[in-house]
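Results of the structural survey
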Amino acid sequence: MIGTVKSINKKVENNTLLAFASTIIIGIIAHGFMFNNKISFFDDITSIDGYSGVWLLIIGRYFLGILKIVNDHLFGTYSNSFFNGIVSLILIAVANAMIVKILNLRKCINIIFASSVITLSTGLVCLYAYMFTAIFYSIAILLSIFSTYIFVFYFDSQRIPFLKIIIVAFLLYLTISIYQTYFLFGVIVYLLYILTLIFNHKIDYKNFLYYITAVILSLILYIFTNNIFFKCFSFFNNVFNIGYNSIGPSSYQGIDRISSFGFISKDGLVEALKHILIADDIVFKNNIYIYLFLLILLALTITYIIIYINKYNIFEKLCLLSTVFFIIVSANSIYK
């Protein structure tokens, strides 16, 4: 029995090591040319002294501001694309190793394919086009996926679901306060995990409800922080006249709508629905491949249900379709 457990643990270690190594190799082949080139931008947050101050706060990226302060203290304002790229790739490799464990992938080809999804995504390509963001945003991706890892493997006692919810919500909150949409990486991984449970008739609906609660709580914490910050900033500005008379949430990427709950208004919802299944142009204008892949995934799911129509009850079929649908919505939102 002990030998069997050791064998399983060894296999898991080998799988995570393969995920880590394949991510590094694929990442260097795909993005190595960017690690050895420097594209200068006026808003390079790692090379502009004090840049993290007001600007990072008004766009609602509080934890990014803290990471910028830590970066300045450790490395000064020196911006190096090779260092940023390699460290970012290591962080993504750790995240991919977690994904492999969460999804319990065992075949080498599946592990390598899963490791390549984020590594070769247009999201990471765009991130490396703005190399000065690479480490910071990779931390956001890692935190997001780590929240799912924590939720799946820790705090299973039914006596303390509150602790699980709080920890996961806080990790997602930190992710949102680096880059608002990157919490969806962890959400997508959890939805894929739910698919594996549905296929094996093992879905725990109570645990799924806990996860939804954690995600909602993280968004509430973020919106609450936004509103508290701007009220406090306005108060201190009026009292001490610190020079920012009209400070408020920026309209950049719709941050002002998030702070005021404007994203759940009628116009906000209509705008969101218009982009769920419609390809939009991004930096490299190849988003259509992402949509085609996701639509094929939806078609395969429907086909699977039709073929194995007697294998699942009606509730499991609805869960299967809705989960795939929300994977498509979440993936679209990341690249929007």
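Scoring rules and cut-offs
Every chain is numbered independently, its residues counted from 1 as its sequence is written. Only residues with pLDDT of 70 or above have their local features reported here, since the model is predicted, and side-chain atom pairs are shown and tallied only from 80 upward, although totals for entire chains, interfaces and linings are computed over all residues. Heavy atoms throughout the structure, all of them, feed into the side-chain values; hydrogens and water do not. Put simply, DSSP marks the helices as runs of H or I at least four residues long and the strands as runs of E at least two long, and each gets a number from the N terminus on. Note on exposure labels: buried denotes an accessible area under 20% of the residue type's maximum, exposed denotes more than 50%, and partly exposed covers the range between, all computed with a 1.4 Å probe on protein chains only. Two residues qualify as a contact provided that any one of their heavy atoms is within 4.5 Å of a heavy atom in the partner residue. Any residue with relative accessible area above 30% and no salt bridge may belong to a patch, with like charges joined within 9 Å and the nonpolar Val, Leu, Ile, Met, Phe, Trp and Tyr side chains within 5 Å. For the area figures, the Shrake-Rupley method with a 1.4 Å probe applies, and any residue is considered shielded solely by the protein chains shown. Each reported salt bridge corresponds to a side-chain nitrogen of Lys or Arg within 4 Å of a carboxyl oxygen of Asp or Glu. By this rule, a helix spans an expected 1.5 Å times one less than how many residues it contains. Side-chain rings of Phe, Tyr and Trp (the six-membered ring for Trp) are treated as a pair once their centres are within 6.5 Å; stacked means planes under 30 degrees apart, edge-to-face means over 60, and tilted covers the remaining angles. Put simply, a charge is over a ring when the Lys NZ or the Arg CZ is close to the ring centre, within 6 Å, and near the line of the ring normal, within 35 degrees. The axes are straight lines fitted to the C-alpha atoms, using for helices just the contacting stretch, and the angles between their N-to-C directions are given from 0 to 180°. Should an angle lie under 35 degrees it is considered roughly parallel, over 145 roughly antiparallel, and from 65 to 115 roughly perpendicular; all remaining angles are considered oblique. If you view the pair so one helix is near and one far, a crossing is left-handed when the near helix is turned anticlockwise from the far one by less than a right angle, and right-handed when it is turned clockwise. For this scheme, ten residues count as nonpolar: Ala, Val, Leu, Ile, Met, Phe, Trp, Tyr, Cys and Pro. Four count as charged, namely Asp, Glu, Lys and Arg, and the remainder, Gly too, count as polar. A 1.4 Å probe that fits into a set of points on a 1 Å grid over the protein atoms alone but cannot get out defines a cavity; an open set with protein on both sides within 12 Å along at least five of seven lines defines a pocket, and lining residues are those with an atom within 4 Å of a point. Grid points are joined across faces, edges and corners, and a volume is the space filled by probe spheres set on the points.

1. Some thoughts on the overall build of the chain
When helices and strands are counted, the chain shows 14 helices and 0 strands. In the chain, the order of α-helices and β-strands from amino to carboxyl end is α-α-α-α-α-α-α-α-α-α-α-α-α-α. By residue count, 47% of the 336 residues in the chain fall in the buried class. Put simply, 78% of the contacts in the chain that link residues at least 6 apart link residues at least 24 apart.

2. Topic: a nonpolar patch on the surface
Judged by side-chain polarity, Ile66, Val70, Leu74, Phe75 and Phe83 come together as a nonpolar surface patch covering roughly 480 Å² of accessible area. For the nonpolar patch, the element with the highest residue contribution is helix H3 (residues 62-75), accounting for 4 residues. In this structure, Leu74 sits in helix H3. According to the relative accessible area criterion, Leu74 is exposed, its value standing at 57%.

3. Thoughts on helix H5 (residues 108-119)
Between its first and last C-alpha, H5 extends 17 Å over 12 residues, near the 16 Å set by a 1.5 Å rise per residue. Among all positions of H5, only Ile111, Ala114, Ser115, Ser116, Ile118 and Thr119 are buried.

4. A word on the packing of aromatic side chains
Aromatic rings in a pair are described by how distant their centres are and how their planes are angled relative to each other. Evaluation of the coordinates by the stated rule reveals 16 aromatic pairs. Geometrically, the ring pair formed by Tyr179 and Tyr182 is tilted, given 4.5 Å between the ring centres and 40° between the ring planes. A residue is classified by how much of its surface remains accessible, and Tyr182, at 8% relative accessible area, is buried. Among the aromatic residues, those joined into a cluster by ring pairs are Phe151, Tyr190, Tyr193, Phe208 and Tyr211. In this structure, Lys101 is placed above the aromatic ring of Phe153, and the distance from its NZ or CZ to the ring centre is 5.2 Å. Lys164 extends its terminal NZ or CZ atom over the ring of Phe151, reaching a point 4.4 Å from the ring centre.

5. Comments concerning the packing of helix H4 (residues 81-102) against helix H7 (residues 134-153)
Packing of H4 against H7 leaves a shortest axis separation of 9 Å and a crossing angle of 15°. On the basis of the axis angle, H4 is roughly parallel to H7. In the packing of H4 onto H7, the handedness of the crossing is left-handed. Contacts between H4 and H7 involve Phe83, Asn84, Val87, Ser88, Leu91, Ile92, Val94, Ala95, Met98, Ile99, Lys101 and Ile102 on the former and, on the latter, Ala134, Ile135, Ser138, Ile139, Ile141, Leu142, Ile145, Phe146, Thr148, Tyr149, Val152 and Phe153. Residue composition of the contact of H4 with H7, by class: 19 nonpolar, 4 polar and 1 charged.

6. A short note on empty space enclosed by the protein
The rolling of a water-molecule-sized probe over the atoms marks out the regions of remaining empty space. What the rule picks out here adds up to 2 cavities of 30 Å³ or more. Considered as a void within the structure, the second largest cavity measures approximately 40 Å³ in volume. Around the second largest cavity, the lining residues are Ile118, Ser121, Gly123, Leu124, Leu127, Ile141, Tyr182 and Phe185. In terms of residues, the lining of the second largest cavity owes the most to one element, helix H6 (residues 122-129), which gives 3 residues. For the lining of the second largest cavity, the class distribution of residues is 6 nonpolar, 2 polar and no charged.

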